[in-house]
Amino acid sequence: MQPRTPLVLCVLLSQVLPLLTSADDLDCTPGFQQKVFHIHQPSEFVEDQAILNLNFSDCKGNDRLHYEVSNPYFRVNNEGGLVAVRNITTVGKTLFIHARTRHAEDMAELVILGGKDIQGSLQDIFKFARTSPVPRQRRSIVVSPILIPENQRQPFPRDVGKSLSAATHPCCPSACF
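Residues numbered from 1 in each chain as written. Predicted model: local features only at pLDDT ≥ 70, side-chain atom pairs only at ≥ 80, totals over all residues. Heavy atoms only, no water.

Asker: How should I be thinking about the overall build of the protein chain in this particular structure?
Answerer: On a plain count of helices and strands, the protein chain comes out with three helices and eleven strands. Beginning at the N terminus, the succession of helices and strands in the protein chain can be written as α-α-β-β-β-β-β-β-β-β-β-α-β-β. Here the protein chain, with 177 residues, has 22% of them falling under the buried criterion. Within the protein chain, contacts between residues separated by at least 24 positions form 60% of all contacts whose residues are at least 6 apart in sequence. (Helix = DSSP H or I, 4+ residues; strand = E, 2+ residues; numbered from the N terminus. Buried < 20%, exposed > 50% of the residue type's maximum accessible area, 1.4 Å probe, protein only. Contact = heavy atoms within 4.5 Å.)

Okay, here's the thing in structure tokens:
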């Protein structure tokens, strides 16, 4: 063995030992432990009654864990339980729960079996937009040429141009597109 070999071995061991001691971290997968939940539509979601328990881990202690629910009538309590904010009967077919910490974030889906589509859903809004009697109109904007010389001096920011609507521009008073 050459005199440098023990030194190289010490350096390699110092790099490998911390990896071996943190083997527990390798078993942890950050995020929700279950991504999709299925429940049957109850006759009523009762205020502050747990609907299901969520299990989220960022593998570093869940410091400053924050939940967001896609429906404003639901929230996640401190124990990780999804609860209704008030008594409610219909909520739709799906809820999304988003969890976030400094180290991880993830989303879970709650499918409500037997849930009905609520009025004003995105499909209804798009269907109305396609059948609306009001015709679409294009707008036109007149933009003056923009010249920006290099190496300008302060003050910044600077105005570099103007935009005017074609309907109010003096050269096109009758322009309606």
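Asker: I tried to follow the nonpolar core on my own but got confused; where do I start?
Answerer: Soluble globular proteins: nonpolar side chains tend toward being buried together. Formed by 22 residues in total, the largest nonpolar core has its most connected members in Phe 74, Leu 82, Ile 97 and Leu 110. For this core, the secondary-structure elements that each account for two or more residues are strand S2 (36-40), strand S5 (66-69), strand S6 (74-76), strand S7 (81-84), strand S8 (94-100) and strand S9 (105-113). Once you skip the residues sitting within four places of it in the chain, Leu 110 turns out to touch Phe 37, Ile 39, Leu 52, Leu 82, Lys 93, Thr 94, Leu 95 and Ile 97. (Core = buried A, V, L, I, M, F, W, Y, C linked by side-chain atoms within 4.5 Å.)

Asker: Before we go on, may I ask you to explain the pattern of salt bridges in this structure?
Answerer: Side-chain pairs of opposite charge can arise where the charged atoms are in close proximity. For the structure on display, the rule yields four salt bridges. Asp 106 is paired through a salt bridge with Lys 35; the nearest N and O atoms lie 2.1 Å apart. Taken as a pair, Asp 106 in strand S9 and Lys 35 in the loop between strand S1 (31-32) and S2 lie far apart in primary sequence, 71 residues in all. Note on Asp 106: relative accessible area 17%, which makes it buried. The residue Arg 102 makes a salt bridge to Asp 63 at a minimum N-O spacing of 3.9 Å. Here Arg 102 is found in the loop between S8 and S9, whereas its partner Asp 63 is found in the loop between strand S4 (56-57) and S5, with 39 residues between them in sequence. (Salt bridge = Lys/Arg side-chain N within 4 Å of Asp/Glu carboxyl O.)

Asker: Would you explain the sheet that holds S2 in this entry?
Answerer: Whenever strands of a sheet pair, they do so through backbone hydrogen bonds, lying parallel or antiparallel. The sheet built from four strands is open, its strands ordered S2-S9-S8-S5 with mixed pairing. Looking at which strands have only one partner, the edges of the open sheet turn out to be S2 and S5. Within this sheet the neighbouring strands show an average axis-to-axis angle of 20 degrees, counted without direction. Across seven bridges, S8 lies against S9 in antiparallel orientation. Bridging from a neighbouring strand, Leu 95 pairs with Leu 110 of S9. (Pairing = 2+ DSSP bridges. Axes fitted to C-alpha atoms, helices over the stretch in contact; angles between N-to-C directions.)

Asker: Quick question: what am I supposed to make of the state of the cysteines here?
Answerer: Each disulfide consists of a covalent bond between the sulfur atoms of two cysteine residues. One pass over the full model with this rule turns up one disulfide. Across the disulfide, Cys 28 is cross-linked to Cys 59 (sulfur-sulfur distance 1.8 Å). The sign of the -90 degrees torsion about the S-S bond sets the Cys 28-Cys 59 disulfide as left-handed. Note that Cys 28 is positioned in the loop between helix H2 (23-27) and S1 and Cys 59 in the loop between S4 and S5, a separation of 31 residues in sequence. (Disulfide = S-S within 2.5 Å.)

Asker: I tried to follow the sheet that holds S6 on my own but got confused; where do I start?
Answerer: One open sheet holds the three strands; their spatial order is S3-S7-S6, and the pairing between them is antiparallel. The open sheet has two free edges, formed respectively by strand S3 (50-53) and S6, since each of these has just one partner strand. The average undirected angle you get between the axes of adjacent strands in this sheet is 25 degrees. Bridge count for S6 against S7 is three bridges, and the pairing is antiparallel. Considered in S7, the bridge of Arg 75 is made with Val 83.

Asker: How should the packing of aromatic side chains be read in this particular structure?
Answerer: By convention here, two paired aromatic rings are described through the distance between centres and the angle between planes. Per the counting criterion, the structure on display carries three aromatic pairs. Relative to Phe 56, the ring of Phe 32 has its centre 5.3 Å away and its plane inclined at 70 degrees; by these criteria the two rings are edge-to-face. A residue pair is termed long-range when its members are at least 10 positions apart, and Phe 32 in strand S1 and Phe 56 in strand S4 qualify at 24 residues. In terms of burial, Phe 32 and Phe 56 fall into one category: buried. Ring geometry for Phe 45 versus Phe 74: centroids 5.3 Å apart, planes at 85 degrees, classification edge-to-face. With a gap of 29 residues between them, Phe 45 in the loop between S2 and S3 and Phe 74 in strand S6 connect regions that are remote in the sequence. Exposure remark for Phe 45: the relative accessible area of 4% places this residue in the buried category. One aromatic cluster in this structure is built from Phe 32, Phe 56 and Tyr 67. (Phe/Tyr/Trp six-rings, centres within 6.5 Å; stacked < 30°, edge-to-face > 60°.)

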